Amino acid sequence: MQSVREATVTLQLYAHPFSSYCQKVLIALYENATPFTYRVLGPEDPPAFEELAALWPLKKFPVLVDGDGPPVIETSIIIEHLDLRHPGPARMIPLDPAAALQARTMDRVFDNYVMTSTQKVVLDHLRPPADRDAYGVDQAKATLDAIYDWLDGVMADRTWAVGEAFGLADCGAAPALFYADWVHEIGERRPHLAAYRARLLARPSVARAVEEARPYRSLFPPGAPDRD
């Protein structure tokens, strides 16, 4: 699978469509129609995983390769690299230093508190029943409740995570809230956060990432709900 404008491609992204962190980077790429070669980690591209392992021994993904430069790891850094080296009409990091700091803060909130807590719940379903961590899952859901409440207040007067411009934090928020709501619903008592999630899913770049992941929903360990 490859992007358009192949003749100008210098970027290769090693990723999987169903991964939340891969979706985060894909959304940033789609926002600016940035040309790239999509190295799908699966049977579609058999050598891709071996190449990934050679690039990054931890075998975590996504990983971005930009020409002859060193591999770029960690989603937020990949998006900042794109903003710096391959800027498009939609800036992912605001030029204003104070706004940039806020964007990075919100990005950390979605990664560290929403997505990490969601992954705790999801990964527990992969354990043998005797080894499951009910206490840890309850803690993760309590963290989700706390951050949902906080985010509902933050989003009461914002369109996107840092005001009126879609950027880095929204790229992370989209998959984080998408999957988080599957394992622990945001619910009607958080209308501002629920509305933000709906706006994210309606965004063309996000909708594209969601559709590309749709064939893999049967792999979701707790079971994917029949919605979204």
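Going by the structure above, here's the rest.
Please read all numbers here as calculations on a predicted model, not as lab measurements.

Asker: For this particular structure, what's the right way to read the packing of helix α5 (residues 134–154) against helix α6 (residues 168–183)?
Answerer: Working note: a packed helix pair is described by the angle between its axes plus the distance between those axes. Between α5 and α6, the shortest axis-to-axis distance is 11 Å and the interhelical angle comes to 125 degrees. Our classification of the angle between α5 and α6 gives oblique. Helix-helix and strand crossings are classified by hand; for α5 and α6 the assignment is left-handed. Residue-level contacts link K141, L144 and Y148 of α5 to L177, A180, D181 and V183 of α6. Among the residues making up the contact of α5 with α6, the classes are represented as five nonpolar, no polar and two charged.

Asker: What am I meant to see in the packing of aromatic side chains here?
Answerer: Two numbers describe a pair of aromatic rings. These are the distance of the centres and the angle of the planes. Summed over the entire model, instances satisfying the criterion amount to 12 aromatic pairs. Ring geometry for F178 versus W182: centroids 4.7 Å apart, planes at 50 degrees, classification tilted. Note that F178 and W182 are positioned in helix α6 at a spacing of four residues, about one turn of the helix. Here F178 matches W182 in class, with each residue buried. Pairing Y179 with W182 gives two aromatic rings, centres 5.4 Å apart and planes at 90 degrees, and the pair type is edge-to-face.

Asker: Hey, could you run me through helix α4 (residues 97–124) in this one?
Answerer: For an α-helix, 3.6 residues make a turn, and residues three or four places apart therefore share a direction. For α4, which comprises 28 residues, the first-to-last C-alpha distance of 39 Å matches the rise-based estimate of 40 Å (1.5 Å per residue) to within 8%. At M115, α4 shows its maximal kink, close to 30 degrees. Measuring from the backbone nitrogen of A98 back to the side-chain oxygen at the start of α4 gives 3.2 Å, which picks out D96 as the cap.

Asker: Help me understand helix α3 (residues 75–85), please; the structure alone is not making it clear to me.
Answerer: Within α3, burial applies to T75, S76, I78, I79, H81, L82 and D83. Looking at the buried residues of α3, the elements they touch are β1 (11–15), α1 (20–31), β3 (63–66), β4 (72–73), α4 and α6.

Asker: Explain the packing of α6 against helix α7 (residues 191–202) here, please?
Answerer: In contact at an axis separation of 9 Å, α6 and α7 are set at 115 degrees when each is read in the N-to-C sense. With respect to α7, the element α6 is oriented roughly perpendicular. For the crossing formed where α6 meets α7, the hand is left-handed. Here D170, A173, A174, L177, F178, D181 and W182 of α6 lie close against α7, whose contacting residues are L193, Y196, R197, L200 and L201. For the contact of α6 with α7, a count of residues per class yields nine nonpolar, no polar and three charged.

About the criteria used
- Residues numbered from 1 in each chain as written.
- Predicted model: local features only at pLDDT ≥ 70, side-chain atom pairs only at ≥ 80, totals over all residues.
- Heavy atoms only, no water.
- Axes fitted to C-alpha atoms, helices over the stretch in contact; angles between N-to-C directions.
- Helix = DSSP H or I, 4+ residues; strand = E, 2+ residues; numbered from the N terminus.
- Parallel < 35°, antiparallel > 145°, perpendicular 65-115°, else oblique.
- Left-handed = near helix turned anticlockwise from the far one by under 90°.
- Contact = heavy atoms within 4.5 Å.
- Nonpolar A, V, L, I, M, F, W, Y, C, P; charged D, E, K, R; others polar.
- Phe/Tyr/Trp six-rings, centres within 6.5 Å; stacked < 30°, edge-to-face > 60°.
- Buried < 20%, exposed > 50% of the residue type's maximum accessible area, 1.4 Å probe, protein only.
- Expected span 1.5 Å × (residues − 1).
- Bend = angle between axes of the 7 residues up to and from the residue.
- Polar contact = N/O pair within 3.5 Å; in protein donor to acceptor, adjacent residues only side chain to side chain.

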